[in-house]
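One letter stands for each residue in the lines below.
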Amino acid sequence: MAYTPAMLESIARVEASRQARLSSTYPRMTPQERDDVLRRFHPDYIAQAAREIRLGVCKGDRTPLELADVLEAPPQIDPATFALQGSDLQTDVLIVGGGGAGASAALMAAQGGASVLLVTKLRFGDANTMMAQGGIQAADQPNDSPVTHYLDVMGGGHFSNNPELVEALVTDAPLVIHWLEQLGVMFDKLPDGSMNTIHGGGTSRKRMHSARDYSGAEIMRVLRDEVRSRSEGIRVLEFNPVVELLTDGQGRVTGAVLLDMETREYKIVHARAVILTTGGGGRLHYQGFPTTNHYGATADGVVLAYRVGGRLAFLHTMQYHPTGVAYPEQIVGQLVTEKVRGLGAQVCNIDGEQFVYPLETRDVEAAAFIRECQDRRTGLMTTTGQPGVWLDSPMINLIHGPGTIEKALPAMVRQFKGFDIDITRQPMLVYPTLHYQNGGIAIQPDGSTGVEGLYVAGEAAGGIHGSNRLMGNSLLDITVFGRRAGAAAAVYAGQHEAGAMTLEHLRAWNREREAAGLTEGRPAPILLPDYTRHIRAVRKEPLVPVSGG
Amino acid sequence: MASVDVETIPVFVMGQRVDVPPSLTILRALEYAGYTLTRGVGCRAGFCGACATVYRLKGDPHLYFALACQTVVRPEMYLAQIPFFPSRRADYRIEDLTAAPAALFTLYPELLRCLACGTCTKACPQGIDVRGYMAAAMRGDIAAVADASFDCIACGLCSARCPVEETQYNVALLARRLYGRYLAKRSEHLTLRVDEIEHGVFREGLAELRALDEASLRSRYDARDIEA
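Residues numbered from 1 in each chain as written. Chains lettered and ligands numbered in written order. Predicted model: local features only at pLDDT ≥ 70, side-chain atom pairs only at ≥ 80, totals over all residues. Heavy atoms only, no water.

Remarks on the overall build of chain B
(1) Moving on: Of the regular secondary structure elements, chain B holds 10 helices and 5 strands.
(2) Moving on: Considered along the principal axes of its C-alpha atoms, chain B spans approximately 70 × 55 × 30 Å.
(3) Moving on: Evaluated residue by residue, chain B yields a buried proportion of 51% over its 228 residues.
(4) Moving on: For chain B, the exposed area adds up to about 10500 Å²; of that, 54% sits on carbon and sulfur atoms. (Helix = DSSP H or I, 4+ residues; strand = E, 2+ residues; numbered from the N terminus. Buried < 20%, exposed > 50% of the residue type's maximum accessible area, 1.4 Å probe, protein only. Areas by Shrake-Rupley, 256 points an atom, 1.4 Å probe, with all protein chains shown as cover.)

Section: the interface of chain A and chain B
(1) Moving on: Counting residues at the interface gives 93 residues for chain A and 69 residues for chain B.
(2) Moving on: Buried surface at the junction of chain A and chain B, both sides included, amounts to about 7400 Å², of which 53% is carbon and sulfur.
(3) Moving on: Applying the counting criterion to the chain A and chain B interface returns 16 salt bridges.
(4) Moving on: Where Arg34 of chain A meets Asp222 of chain B, a salt bridge forms, and the shortest distance between an N and an O atom there is 3.5 Å.
(5) Moving on: Counting the contacts that link chain A with chain B gives 51 residue pairs in polar contact (both at pLDDT 80 or more).
(6) Moving on: Listing elements by their share of the side of chain A that touches chain B, those giving two or more residues are α2 (31–41), α5 (128–131), α6 (146–156), α7 (163–183), α8 (215–229) and α14 (410–417) of chain A.
(7) Moving on: In terms of residue count, α7 of chain A provides more of the side of chain A that touches chain B than any other element does, 12 residues in total.
(8) Moving on: Of the residues assigned to the side of chain A that touches chain B, the class counts are 37 nonpolar, 27 polar and 29 charged. (Contact = heavy atoms within 4.5 Å. Buried area = accessible area lost by both parts, 1.4 Å probe. Salt bridge = Lys/Arg side-chain N within 4 Å of Asp/Glu carboxyl O. Polar contact = N/O pair within 3.5 Å; in protein donor to acceptor, adjacent residues only side chain to side chain. Nonpolar A, V, L, I, M, F, W, Y, C, P; charged D, E, K, R; others polar.)

Describing the sheet that holds strand β1 (residues 9–13) of chain B
Note: strands within a sheet are paired through backbone hydrogen bonds, in either parallel or antiparallel orientation.
Residue and element names in this part refer to chain B.
(1) Moving on: In space, the 5 strands of this open sheet follow the order β2-β1-β5-β3-β4, with mixed pairing throughout. If you trace the sheet from one side to the other, it starts and ends with β2 (16–20) and β4 (64–67), each paired once. The average undirected angle you get between the axes of adjacent strands in this sheet is 35°.
(2) Moving on: Relative to β2, β1 runs antiparallel, the two sharing 5 bridges. (Pairing = 2+ DSSP bridges. Axes fitted to C-alpha atoms, helices over the stretch in contact; angles between N-to-C directions.)

Focus: the pairing of strand β10 (residues 266–276) of chain A
Residue and element names in this part refer to chain A.
(1) Moving on: Judged by how many residues are buried, β10 sits mostly within the fold: 8 of 11 residues are covered.
(2) Moving on: Sheet analysis places strand β3 (residues 89–96) next to β10, joined by 7 bridges and oriented parallel. From the neighbouring strand, Leu89 faces β10, where its bridge partner is Val269.
(3) Moving on: Sheet topology note: the strand β9 (residues 253–259)/β10 ladder contains 5 bridges and is antiparallel. Following the sheet pairing, Val257 is matched in β10 by Ile268.
(4) Moving on: As consecutive antiparallel partners, β9 and β10 are separated by 6 residues, and within that stretch Arg264 has a phi angle of approximately 65°, a positive value.

Quick look at the pattern of salt bridges
(1) Moving on: Taken as a whole, this structure holds 52 salt bridges over all chains when the rule is applied.
(2) Moving on: The partner of Arg224 of chain B in a salt bridge is Asp152 of chain A, with the nearest N and O atoms 2.6 Å apart. Within this pair, whereas Arg224 of chain B is found in the segment after α10 (214–223), its partner Asp152 of chain A is found in helix α6, the two belonging to separate chains.
(3) Moving on: Asp152 of chain A sits in the buried class, given a relative accessible area of 0%.
(4) Moving on: Notably, a salt bridge pairs Glu218 of chain A with Arg221 of chain A, separated by 2.8 Å at the nearest N-O pair. Taken together, the residues span about one helical turn, with Glu218 of chain A and Arg221 of chain A both in helix α8 at a distance of 3 residues.

Description of the packing of α7 of chain A against α8 of chain A
In a pair of packed helices, the angle between the axes and the distance between the axes together describe the arrangement.
Residues and elements named next belong to chain A.
(1) Moving on: It is the contact of α7 with α8, at a shortest axis distance of 10 Å, that shows an interaxial angle of 65°. Here α7 runs over α8; the crossing is left-handed. Contacts between α7 and α8 involve Trp179, Leu180 and Leu183 from the former and Ile219, Val222, Leu223 and Glu226 from the latter.
(2) Moving on: A class-by-class count of the residues in the contact of α7 with α8 yields 6 nonpolar, no polar and 1 charged. (Left-handed = near helix turned anticlockwise from the far one by under 90°.)

Brief notes about the packing of α7 of chain A against helix α8 (residues 188–198) of chain B
(1) Moving on: Axis separation between α7 of chain A and α8 of chain B bottoms out at 9 Å; the angle between their running directions is 130°. By the angle between their directions, the pair α7 of chain A and α8 of chain B is classed as oblique. The handedness of the crossing between α7 of chain A and α8 of chain B is left-handed. In this structure, α7 of chain A uses Thr171, Pro174, Leu175, Ile177, His178 and Glu181 of chain A to contact α8 of chain B, whose residues at the interface are Leu190, Arg193, Val194, Ile197 and Glu198 of chain B. (Parallel < 35°, antiparallel > 145°, perpendicular 65-115°, else oblique.)

Honestly, that's just the spatial picture; any functional story needs more than this.
Okay, here's the thing in structure tokens:
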């Protein structure tokens, strides 16, 4: 799996230009250049890859085809035949999703005095949080301030973000870092104890906090351990995703139906409040892109919330991370953290020439890579037809001293080493990969949705990042809004008795589907992508294109 | 069940032979063979530890350990995934502990039974020196355990192979949390900033930005100075 001769030839040109590049970085684009490259090359702007949603409260909104399909889908259960009698589990607050947002919400809801049941599709901690490498932003350095952070977030999101949410995000950020450290998260520090922070794309101050390149994993395993330490207030149920929400028939969410992944039995949960922290939808593979996302990232929460009247925000825009692996084939689409560029690595084309400033915002950077390969034809092409450009990682040790890569990027070194590539000596071939759902269900700063009893936090929520999220604001967002939603849901549960449980919203949904002429469609939430190869046709081909590793 | 148009190699999944393309990872090979995975699969990118796999090669007495998502199949591989391994996790409240060696010994008394046989290190798909950090744990050196175990993804293979039933990865997690909370030097700038936020220092500045129209906000953004 080591590089091919053609690749090595191109790498020689990257090496030849390296010394000169160490003292000369490609300039930033002007605002006009940024707009231009986005319009011409960003996947969000491909008109035929999206369509209008044909029913629900945001009928007429545009979203990727694959997401529109699951948003409009028939329910998993039939309200006419489903026996909704009694409940198997009762709780004040039901949290759906066991990633960083769910764990943060659970801790705060329990602290607020609520009984908590956290259910998750796979294992607790199986989430995109665990896979986040680069870091978490917080304006805690002396030369920085939440005000400066605010400006960066708004600019990164093209000024479309919900300002109230951004204010909450940047104001809570240092508080969250402090909270995580008190729980035992090990952030990278300088010898004097100050945070070893670096730049991310679109930051005007070095405010990226990291834990080597296991930043999300470190946060997730600590939060998970803390939840497990509080088992008297928080129950955790793994391998039990929610397939439908329950309502009182008058718009309030009152519980959920779980599907046990092992026994295939349904369970009914009666809850005073529900928080959806189900993450994003990378496994829907929009436009056939591979993804950095977890196996379970199938947009379940957005589907469930939309069916009970949750409003969508910014679901016309997805984040394509500029540096997904383009080679070797086995790990195509997996994440190469932005921290590599944050530490100084530049991007080069087939001729070893820079063509873009390394830390443009992610949407602009990704669009520039696509332009280089598709339009200017100066990218590389692997034997399997995968385009890519070089990310010149060996520069990092030249800039910061020998051993920096090994210390700051152990996960990346390990991953490539497994395929006989030494990133301390050779660059990585990268290409944009589907990474993040910029939007989601519209929320207020307390995670409420306008649907009574329903809260959303984390990647399933929308509005915080506008149409483009900056690196390091996702680990931040899940903890900030997870905590806020948990606290608010506990207050709500303290003030409201459990409501009636009905499936009226599904009857209404089915009527609306019928009125819109929708009779077909695979039920959603789909729960898992279908990557299984079937020898004999036992069912229809998977709707989801198979790609990525 | 070999396919006609693809070059394949034989591997054995829970005893059954399947023929799969040689370029696939173990995880993709299982799916190629017809399995729909819920256990033994997670992030698919080497970070979550769900797909811990034990395998043998034909004619080779050794046991090998790997993550199914990061390892390419080899001919005559005999595969078994470890879907779930029961392990002991001590119950504690981090705020009630002190970062002293006794915290490790009290919560994980079996720690002191470690034979230093190194089977754990051989089993670790991350290449961590598990025996080394367990030795540090027995010395009560919390900082060393925290540093050496940092890349642990808690797949559980160390524990599964341990002859004296240690749960190494839980000992390591405790050590890291103790280090993060009690031993890491405090960040003065963070303490100061938390205090400022609690006193509402930035409210005015944020309100000012929020009051700007988009054009003014844009020009502020384009004119902002960027730290070198």
